[in-house]
Amino acid sequence: MGALNLAEWQKLPITLTELCINTTLRCGQSFRWRKADTGVWSLALQNRIISLHQDPQYLYYRSIPPSTLLSPPTPPASHPPSVLEDGPDDTLELLKHYLNVEPDLSKLYAQWSASDANFARRAPDFTGIRILRQPAWEALVGFICSSNNNISRISQMIHKLCSNYGPLLGYLEEVAYHDIPEPRALAGPGVEGKLRELGFGYRARYIAETARMVAEKPEGWLDSLRNPEAPVFGGKMGSAGKWSPSGREGYREAHEELLTLQGVGPKVADCVCLMGLGWGEAVPVDTHVWQIAQRDYKFGKGKHASLTKATYDAVGDKFRSLWGQEAGWAHSVLFTADLRAFSERLVAKKEEVKEEVVVKTEDHAEGGAEIVAEVVERKVKVVKREIKREAEVDEATLVLLEESKRRSKRRRQA
DNA sequence: GATCATCCTGCCAG
DNA sequence: ACTGGCAGGATGA
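The following paragraphs examine the structure supplied in this document. Computed from a predicted model, the values in this text were never measured in an experiment.

### Side note on the protein's contact with DNA strand C
- Around DNA strand C, the surrounding shell holds 24 residues, and the nearest of these are S147, N148, I151, G263 and G265.
- Here DNA strand C approaches the protein such that, of its atoms within 4 Å, sugar and phosphate make up 54%.
- Residue D286 places a side-chain N or O atom 3.5 Å away from a base nitrogen belonging to DNA strand C.
- Secondary structure elements with two or more residues in the surface near DNA strand C: α11 (266-276), α12 (287-296) and α14 (327-352).

As structure tokens, this is what we get:
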């Protein structure tokens, strides 16, 4: 069980410039992927467990159907074999759909860079960031949890939601993999209380209430809000309508509909439009993006001094007219660049506290970064912090810095 | 239409 | 050991 059976892995040729899973899977658009110590990413999706890892030329993938994962408490004869187990493996098609590999990212980056000098300046260190096509309901639940929250805690909450209410698909490396619970599963009485126990805070009511609302809508209501050009897996493609700087009509309608749900404001609605419904022009404006808009795009003064509803729309319109139909994709690149900058600012802050850590980053074979950190003492117990090749400091570095900080804290307490 | 307090929790800094 | 401030927002007044 422990070792990876390499024979099972298949590969898909794709460059890191076209897709970088280490960035894409943890830049805050999906909260269910788990990364093992081996560097392999795994997720329960569509009745199977998918695993991924990557090198500069290939994306390696593996799919395990539930029948091989669950030791059967149910007698095998009692249930007929599913189509999935018998039919041709559609995992490659599912993956290509989920990872949204169709759009030519290099071409898009070039296009955004040509029309925006700021994008051209920021983007080169953040290639391969792609908007996933995750299920709309999953996106909705995840982003309702995102208010006043951080990626780490959102992931923990979603994990608890799944392990308490979601269907168990199987085990991988001793870890249980659950899918997202259906709205119906969260619509019953007592859900809000339970979610509060699980640490959801005021978002517990939002989840329970929205689940009830969605469950009462006609079947397929949420997916009816999709971009017809980005149908559900296996669905038929339609036409998305005419482009305008405020977005296509279908996008605006979807956004408006989502606003009727509990705990869904403009920002969460845009997250769901972009990452759950396939509307590439949706631009979620959170505090980070608002800061970017002020710093680099002259917002924050005069008519748009604060982030009101009107300003929110103006920021989106500005980015849509600047970047075009896939503005939300470009926005995610700058957003992710800002996430990394956040870790740099944190470190810079530490310097003022007269602490310094030497952090070396080296290219890893898999395109990620292997980070080695050591703490050095100087002079009168003054520890300095320094970042080398700061362009490569990412969230992993932040995590590592926090770990070393905890370690030194423990040492001090001891 | 814009502003503001409030909401849960976990984490950190003072 | 305690406490105020804050984090990728939404809601109601």
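### Details of the pairing of strand β5 (residues 58-64)
- Of all the seven residues making up β5, five are buried; the element is thus mostly covered by neighbouring parts of the structure.
- Pairing between strand β1 (residues 10-13) and β5: four bridges, direction antiparallel. Along β5, the bridge assignment pairs K11 with Y60.
- One ladder, built from six bridges, connects strand β4 (residues 48-54) with β5; its direction is antiparallel. Note that in β5 the partner of H53 across the bridge is Y60.
- Linking β4 to β5, which pair antiparallel, is a turn of three residues.

### Description of helix α10 (residues 249-258)
- All of the buried residues along α10 are Y251, A254, H255 and L258. The buried residues of α10 occupy an angular sector of 100° when the element is viewed end-on, so they sit on one face. For α10, exposure combined with an orientation more than 90 degrees from the buried face picks out E249 and E256.
- Residues of α10 that are buried sit in contact with α11 and α13 (309-323).

### Side note on the packing of aromatic side chains
- Scanning the model with the defined rule gives 12 aromatic pairs in all.
- Residues Y109 and W112 carry aromatic rings whose centres are separated by 5.7 Å and whose planes lie at 45° to one another, so their mutual orientation is tilted. You can see Y109 and its partner W112 sitting in helix α4 (residues 105-115), three residues apart, about one turn around the helix. Neither residue differs from the other here; Y109 and W112 are each classed as buried.
- Consider the rings of Y109 and F119, whose centres lie 5.7 Å apart with planes at 70°: the pair is edge-to-face. Note that Y109 is positioned in helix α4 and F119 in helix α5 (residues 117-122), a separation of 10 residues in sequence.

### Side note on the environment of K160
- Looking at the element boundaries, K160 is found in helix α7 (residues 151-165).
- Taking relative accessible area as the criterion, K160 reaches 35% and is therefore assigned partly exposed.
- Each C-alpha atom, one on K160 and one on H178, is 9.8 Å from the other, the two residues being 18 residues apart in sequence.
- Polar side-chain contacts of K160 include one of 3.3 Å to the backbone oxygen of L198.

Conventions used here
Residues numbered from 1 in each chain as written. Chains lettered and ligands numbered in written order. Predicted model: local features only at pLDDT ≥ 70, side-chain atom pairs only at ≥ 80, totals over all residues. Heavy atoms only, no water. Near = heavy atom within 4 Å. Polar contact = N/O pair within 3.5 Å; in protein donor to acceptor, adjacent residues only side chain to side chain. Helix = DSSP H or I, 4+ residues; strand = E, 2+ residues; numbered from the N terminus. Buried < 20%, exposed > 50% of the residue type's maximum accessible area, 1.4 Å probe, protein only. Pairing = 2+ DSSP bridges. Arc of directions from axis to C-beta. Contact = heavy atoms within 4.5 Å. Phe/Tyr/Trp six-rings, centres within 6.5 Å; stacked < 30°, edge-to-face > 60°.

Take it as geometry only, folks, not as evidence of what the structure does.
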